[in-house]
Amino acid sequence: MANANAAGYILKLDENRYISLRWNIYDKFTQPVPEFKHSSNRPLVCFIINHNETITHIGSGSRGQFAGTDLRKLNIEKIFKLSSTVNAREIANQTHSGIEHHLINKIDGKDTNGLLGNKTFEEFLEIFLKEAPETKPILDKFSKSRNTRIKNLSAPAKKALAQQKEAVLTALNIAGIDRSITQGWDYKEKEKPISFLSGLPQVRLREDQLLAHDLSTFPEFKVIENTPYAATTFKNEYTHLTVVLANRHPLEEQTGTDLIYFNEDFECFIMVQYKMMEQEGNTFRFRLPNKQLQEEIERMDKLYKQIKPLKRKEHIDDYRISETPFFIKICPRIEFDPDNSGLTKGMYIPLDYIKKLETDKCIEGKNGGKGITYDNVRRYFDNTAFKTIVEGGWIGTNQKQSTYLKEMIENSLTGKKAVVIARKKQIAPKKGYKR
């Protein structure tokens with residue numbers, strides 16, 4: 001199920017702690033609670049209950065640091081005060097018998113672990129939204145009807161959306177922007193989704209003229225205007241990231257996704273193509289030779305020959321460890337899970353290195369077949385290492401080469417792939433960094 005790991009948390013506060021919450025002016029609140037397990041990449045909706053068993057606030061929760069023996073900090077932010085309180089026990093009484101008993105134990109304090117599993121949370125939320133309709137703009141993205149819409153997407157559409165989501169998350173990760181802002185993806189039931197980016201809340205609310213403005217921030221990329229696209233900007237106090245997702249074909253007909261990432265601070269391009277491993281027993285493997293990969297390598301080689309003669313400037317910011325802009329990310333097949341903001345574990349492999357692997361015996365199996373696995377590739381960049389070298393401008397095209405890469409985008413858009421184009425610009429220096 002699409003939202004299988006989203007969860008809720010019932011936090012019951014005693015009178016003193018509730019007074020602390022009411023007088024809190026920081027929109028954040030931390031409470032020691034019994035140890036619980038919940039991924040930081042998943043949404044956690046907190047229902048805050050006072051000593052009278054009424055829900056007065058909701059918030060976005062996360063599992064924090066240890067708070068003592070068998071205790072964990074529950075961090076809550078984006079706290080919203082209800083205009084009228086909701087009785088938690090009355091909601092519990094409207095649920096199915098098994099869930100009702102489970103909820104009442106949490107509400108009256110017999111079960112001190114307030115975590116609600118998916119099914120309990122879904123049923124509790126459905127009733128809560130009827131009692132507190134003012135919270136729909138905040139919580140409707142976790143509703144049962146939204147989960148059903150996502151579940152009903154076709155398999156090819158889910159496959160395309162999963163790869164597009166991975167590319168968008170990669171861009172956000174490199175730029176150092178909180179990936180959880182992508183949670184809440186949805187689409188209108190009577191309309192087919194166009195792309196992952198178009199289903200994000202911040203994109204659905206934008207006007208067409210604003211999307212056109214986003215395109216204007218990509219000089220030399222006018223070819224994008226001839227494709228169906230969605231565009232938006234993400235930012236934090238340090239970084240401004242403009243993302244455009246362009247594609248010529250419906251989701252069901254797309255064959256993959258590319259990420260074109262432009263680091264404006266150092267004027268360098270990186271291009272990532274995604275390839276999916278298949279599970280064979282206990283091993284994930286990407287079989288070689290691969291016809292589609294070979295065709296893409298030939299296109300990348302052709303383009304690289306055109307830009308390779310362009311030498312870097314003497315300016316210190318134009319220094320690169322490697323000027324090869326092409327990487328292949330090989331990872332297990334991705335399932336479309338719109339509320340998981342975690343990046344898929346995978347191997348970023350430079351183009352010239354993957355060509356060496358293709359001819360090396362290290363990837364040969366017992367019967368002579370070839371395939372890339374986590375065990376037989378001794379060196380690759382994981383998500384953390386790749387972020388570091390791209391963010392710092394250590395790899396990618398030099399500034400002269402970057403001016404010639406319009407053709408890269410044009411060539412990418414001629415096929416059935418969706419292309420995520422991300423442009424990152426630093427808007428304020430990070431702490432301790434001087435430039």
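Rules used in this analysis
- Residues numbered from 1 in each chain as written.
- Predicted model: local features only at pLDDT ≥ 70, side-chain atom pairs only at ≥ 80, totals over all residues.
- Heavy atoms only, no water.
- Helix = DSSP H or I, 4+ residues; strand = E, 2+ residues; numbered from the N terminus.
- Buried < 20%, exposed > 50% of the residue type's maximum accessible area, 1.4 Å probe, protein only.
- Contact = heavy atoms within 4.5 Å.
- Areas by Shrake-Rupley, 256 points an atom, 1.4 Å probe, with all protein chains shown as cover.
- Expected span 1.5 Å × (residues − 1).
- Arc of directions from axis to C-beta.
- Polar contact = N/O pair within 3.5 Å; in protein donor to acceptor, adjacent residues only side chain to side chain.
- Core = buried A, V, L, I, M, F, W, Y, C linked by side-chain atoms within 4.5 Å.
- Axes fitted to C-alpha atoms, helices over the stretch in contact; angles between N-to-C directions.
- Parallel < 35°, antiparallel > 145°, perpendicular 65-115°, else oblique.
- Left-handed = near helix turned anticlockwise from the far one by under 90°.
- Nonpolar A, V, L, I, M, F, W, Y, C, P; charged D, E, K, R; others polar.
- Patch = residues over 30% accessible without salt bridge, like charges linked within 9 Å, V, L, I, M, F, W, Y side chains within 5 Å.
- Salt bridge = Lys/Arg side-chain N within 4 Å of Asp/Glu carboxyl O.
- Pairing = 2+ DSSP bridges.
- pLDDT = per-residue confidence, 0-100.

Caption draft 1: Representation of the overall build of the protein. Within the protein, the regular secondary structure consists of 14 helices and 15 strands. For the protein, buried positions account for 51% of its 435 residues. In the protein, the share of contacts with a sequence separation of at least 24, taken over all contacts with a separation of at least 6, comes to 71%. With the model as given, the accessible surface of the protein reaches about 21700 Å², and the carbon-plus-sulfur share is 49%.

Caption draft 2: Seen up close, unusual backbone geometry. Residues Leu-288 and Pro-289 are joined by a peptide bond in cis, for which omega reads 0°. With respect to the secondary-structure elements, Pro-289 resides in the loop between strand E11 (283–288) and helix H10 (291–307). In the Ramachandran plot, Asp-70 falls in the positive-phi region, its phi being about 60° despite a non-glycine side chain. Turning to its location among the elements, Asp-70 is positioned in the loop between strand E4 (54–68) and strand E5 (71–87).

Caption draft 3: How the structure looks around H10. Taking 1.5 Å of rise per residue, the 17 residues of H10 would be expected to cover 24 Å, and the 25 Å separating its terminal C-alpha atoms lies within 8% of that figure. Listed as buried for H10 are Leu-293, Glu-296, Ile-297, Met-300, Leu-303, Tyr-304 and Ile-307. Down the axis of H10, the smallest arc covering the buried residues is 130°, so these residues share one side. For H10, the exposed residues set more than 90 degrees away from the buried face come down to Lys-291, Lys-302 and Lys-305. For H10, the side-chain oxygen to backbone nitrogen distance between the N-cap and Gln-292 is 3.2 Å, and the N-cap itself is Asn-290.

Caption draft 4: Structural view of the nonpolar core. Core analysis: the biggest nonpolar cluster contains 44 residues, and Trp-185, Leu-241, Leu-259, Tyr-261 and Phe-386 have the highest contact counts within it. Looking at this core, the elements with two or more residues in it are helix H7 (155–175), strand E7 (229–235), strand E8 (239–246), strand E9 (257–263), strand E10 (268–280), strand E12 (326–332), helix H12 (383–391) and strand E15 (418–426). Looking at this core element by element, the count peaks at 11 residues for H7. Those residues in contact with Tyr-261, other than ones at most four positions away along the chain, are Ala-171, Ile-174, Ala-175, Leu-241, Cys-268, Phe-269, Ile-270, Val-390, Ala-422 and Lys-424. Counting 29 residues, the second-largest nonpolar core is a separate cluster that includes Ile-297, Tyr-304, Ile-307 and Ile-372.

Caption draft 5: View of the packing of H7 against H12. At a minimum axis distance of 8 Å, the contact between H7 and H12 shows a crossing angle of 60°. Taken together, the axes of H7 and H12 lie oblique to each other. Between H7 and H12 lies a crossing whose hand is right-handed. Between H7, through Asn-173, Ile-174 and Ala-175, and H12, the contact on the second element is made entirely by Asn-383, Phe-386, Lys-387, Val-390 and Glu-391. Partitioned by chemical class, the residues of the contact of H7 with H12 number 4 nonpolar, 2 polar and 2 charged.

Caption draft 6: Quick look at a nonpolar patch on the surface. Together, Tyr-319, Ile-321 and Trp-394 make up an exposed nonpolar region whose accessible area comes to about 340 Å². Topologically, Trp-394 is positioned in the loop between H12 and helix H13 (399–402).

Caption draft 7: Layout of the sheet that holds E4. With respect to topology, 6 strands assemble into an open sheet ordered E2-E5-E4-E3-E1-E6, the strand pairing being mixed. The strands lining the two open edges of the sheet, one partner per strand, are strand E2 (28–34) and strand E6 (115–116). Looking at chain direction, strand E3 (residues 44–49) and E4 are connected through 5 bridges and run antiparallel. Note on E4: the bridge partner recorded for Val-45 is Ser-60.

Caption draft 8: Region of interest: the confidence of the model for the protein. Considering every residue of the protein, the mean pLDDT works out to 87; 89% of them sit at 70 or more. Least confident of the elements in the protein is helix H9 (residues 208–216), whose mean pLDDT is 52; most confident is strand E13 (residues 347–350), at 97.

Caption draft 9: Quick peek at helix H11 (residues 351–358). What H11 keeps buried is the set Leu-351, Tyr-353, Ile-354, Leu-357 and Glu-358. For H11, the buried positions fall inside an angular range of 160° around the axis, keeping them on one side. Turning to H11, the residues buried within the fold contact E11, H10, E12, E13 and strand E14 (370–372).

Caption draft 10: Structural context of the pairing of E4. A loop of 4 residues connects E3 with E4, the two strands running antiparallel in sequence, and Glu-53 in this loop sits at a positive phi of about 65°. Hairpin remark: E4 followed by E5, antiparallel, with 2 residues in the connecting loop; positive phi at Asp-70, about 60°.

Caption draft 11: Structural view of the environment of Val-272. Along the polypeptide, Val-272 turns up in strand E10. Along the backbone, Val-272 and Ile-349 are 77 residues apart, and their C-alpha atoms lie at a distance of 9.4 Å. In contact with Val-272, other than residues within four places in its own chain, are Thr-257, Asp-258, Leu-259, Phe-327, Lys-329, Tyr-348 and Phe-386.

Caption draft 12: Layout of the pattern of salt bridges. The tally for this structure, following the rule as stated, stands at 22 salt bridges. Asp-337 is the salt-bridge partner of Arg-42, the closest N and O atoms lying 2.3 Å from each other. Here Arg-42, found in the loop between E2 and E3, pairs with Asp-337, found in the loop between E12 and E13; they are 295 residues apart in sequence, far enough to count as distant. There is no split in this pair, since Arg-42 and Asp-337 are both buried. Where Glu-280 meets Arg-285, a salt bridge forms, and the shortest distance between an N and an O atom there is 2.8 Å. When salt bridges that share partners are traced, they join Asp-258, Lys-275, Glu-296 and Lys-417 into one network.

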